[in-house]
Amino acid sequence: MYFDEKTKGYLTHDNLRLLFRLRNVAIAAQGVAILLAVVYLKMTLPLAAMLSVIALLCGFNIYTRFRINRSKSVSVSELVVQLTVDIIVLTILLSLSGGASNPFAILYLIPLTITAILLPARATWGLAGLTVLGYSSLLVVYVPMPHAHHEMNQFNLHIVGMWLGFVLSAGVIAYFIVGLQKIISQQARALN
């Protein structure tokens, strides 16, 4: 662990470990969302492309797990790369499933919140720009959301999706903040 003058805080393997855990949650949630959309809502999605993107994210997370075990310090640049991958993957998955009309677009707030907490202003503004670019691209480059063959009308289904996206975002952000508070507390005890 080391004190980073630019961030005025400690970047540690614990921060990377927390990102690893959050990415595991994201991978599981993406899989469940796709499964529910296809099985329960009977939507036709580009499964091969979506599952390929998730598989690549799994591979990146395996790399991250091995990286956590190395003794090399965690840098601002490394965390920027980690969060950039998450933003790009989210953008691709959203573009394959309705673009900006996908109610899970609110999930862009998760990597942005993490960035604002852990990284210096320059990195935060850079990744904020990337999220805006990603979201903006969803307005023009996307596979239209297929209609659900379900009793619930499309608008109500969209509202439920927005609610679920908000609940998921709130839960993940709270989980991350609580985890970060534990890390800061442990660091304070270690310094004393």
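Residues numbered from 1 in each chain as written. Predicted model: local features only at pLDDT ≥ 70, side-chain atom pairs only at ≥ 80, totals over all residues. Heavy atoms only, no water.

Overview of the pattern of salt bridges
Alright, step 1. Counting across every chain of the model gives three salt bridges.
Alright, step 2. Across the salt bridge formed by D14 and R17, the nearest N and O atoms sit 2.6 Å from each other. Of this pair, D14 and R17 both sit in helix α1 (residues 13-40), three residues apart, which is roughly one turn of that helix.
Alright, step 3. One salt bridge connects E78 with R67, and the closest N-O pair in it is separated by 2.7 Å. With E78 in helix α3 (residues 76-95) and R67 in helix α2 (residues 47-68), this pair connects stretches of sequence that are 11 residues apart.
Alright, step 4. By relative accessible area, E78 is classed as buried at 14%. (Salt bridge = Lys/Arg side-chain N within 4 Å of Asp/Glu carboxyl O. Helix = DSSP H or I, 4+ residues; strand = E, 2+ residues; numbered from the N terminus. Buried < 20%, exposed > 50% of the residue type's maximum accessible area, 1.4 Å probe, protein only.)

Observations regarding the packing of aromatic side chains
Alright, step 1. On inspection of all chains with the given rule, the structure shows two aromatic pairs.
Alright, step 2. Pairing Y108 with Y135 gives two aromatic rings, centres 6.1 Å apart and planes at 80 degrees, and the pair type is edge-to-face. Note that Y108 is positioned in the loop between α3 and α4 (109-118) and Y135 in helix α5 (residues 121-137), a separation of 27 residues in sequence.
Alright, step 3. For Y108, a relative accessible area of 5% corresponds to the buried category.
Alright, step 4. We note R65 situated over the ring of F20; from NZ or CZ to the ring centre the distance is 5.7 Å. (Phe/Tyr/Trp six-rings, centres within 6.5 Å; stacked < 30°, edge-to-face > 60°. Lys NZ or Arg CZ within 6 Å of the ring centre and 35° of its normal.)

Some remarks on the packing of α1 against α2
The relative placement of two packed helices is expressed as an angle between their axes plus a distance between the axes.
Alright, step 1. Close contact between α1 and α2 brings their axes to 10 Å; oriented N to C, the two are set at 160 degrees. Taken together, the axis directions place α1 and α2 in an arrangement best described as roughly antiparallel. Between α1 and α2 lies a crossing whose hand is left-handed. Along its contact with α1, which presents H13, L16, R17, F20, R23, N24, I27, Q30, G31, I34 and V38, the element α2 presents L47, M50, I54, L57, C58, F60, N61, T64, R65, R67 and I68.
Alright, step 2. Residues that form the contact of α1 with α2 fall into these classes: 12 nonpolar, six polar and four charged. (Axes fitted to C-alpha atoms, helices over the stretch in contact; angles between N-to-C directions. Parallel < 35°, antiparallel > 145°, perpendicular 65-115°, else oblique. Left-handed = near helix turned anticlockwise from the far one by under 90°. Contact = heavy atoms within 4.5 Å. Nonpolar A, V, L, I, M, F, W, Y, C, P; charged D, E, K, R; others polar.)

Section: a nonpolar patch on the surface
Alright, step 1. Where nonpolar side chains cluster on the molecular surface, the patch consists of W163, L164, F166 and V167 and spans about 420 Å² of accessible area.
Alright, step 2. Structurally, F166 is set in helix α6 (residues 154-191). (Patch = residues over 30% accessible without salt bridge, like charges linked within 9 Å, V, L, I, M, F, W, Y side chains within 5 Å. Areas by Shrake-Rupley, 256 points an atom, 1.4 Å probe, with all protein chains shown as cover.)

Examining α4
Alright, step 1. Of the residues making up α4, those classed as buried are I110, P111, I114, T115 and L118. Down the axis of α4, the buried set is contained in an arc of 135 degrees. They therefore lie on one face. (Arc of directions from axis to C-beta.)

As for the side chain of R67
Alright, step 1. Using a relative accessible area of 1% as the deciding quantity, one classes R67 as buried.
Alright, step 2. In contact with R67, other than residues within four places in its own chain, are H13, L16, K72, S73, V74 and E78.

A word on the side chain of S95
Alright, step 1. Within the secondary structure layout, S95 lies in helix α3.
Alright, step 2. You can call S95 buried: its relative accessible area is 15%.
Alright, step 3. Setting aside residues up to four positions removed in sequence, S95 forms contacts with L138, V141, Y142 and V143.

Considering the packing of α2 against α3
Alright, step 1. It is the contact of α2 with α3, at a shortest axis distance of 10 Å, that shows an interaxial angle of 165 degrees. Judged by the angle between their axes, α2 and α3 are roughly antiparallel. Here the hand of the crossing between α2 and α3 comes out left-handed. Residues M50, V53, I54, L57, F60, Y63, T64 and R67 of α2 pack against E78, Q82, V85, D86, V89, I92 and L93 of α3.
Alright, step 2. Of the residues contributing to the contact of α2 with α3, the split by class is 10 nonpolar, two polar and three charged.

Description of α2
Three or four residues apart is the spacing at which side chains of an α-helix point the same way, because the helix has 3.6 residues per turn.
Alright, step 1. For α2, with 22 residues, the first-to-last C-alpha span of 31 Å sits near the 32 Å given by 1.5 Å per residue.
Alright, step 2. Looking at α2, one finds that the buried residues are M50, V53, I54, L57, F60, N61, T64, R67 and I68. The arc that holds the buried residues of α2, viewed along the axis, is 120 degrees, so those residues lie on one side. In α2, the exposed residues that point more than 90 degrees away from the buried face are A48, L56 and F66.
Alright, step 3. On its buried side, α2 packs onto α1 and α3. (Expected span 1.5 Å × (residues − 1).)

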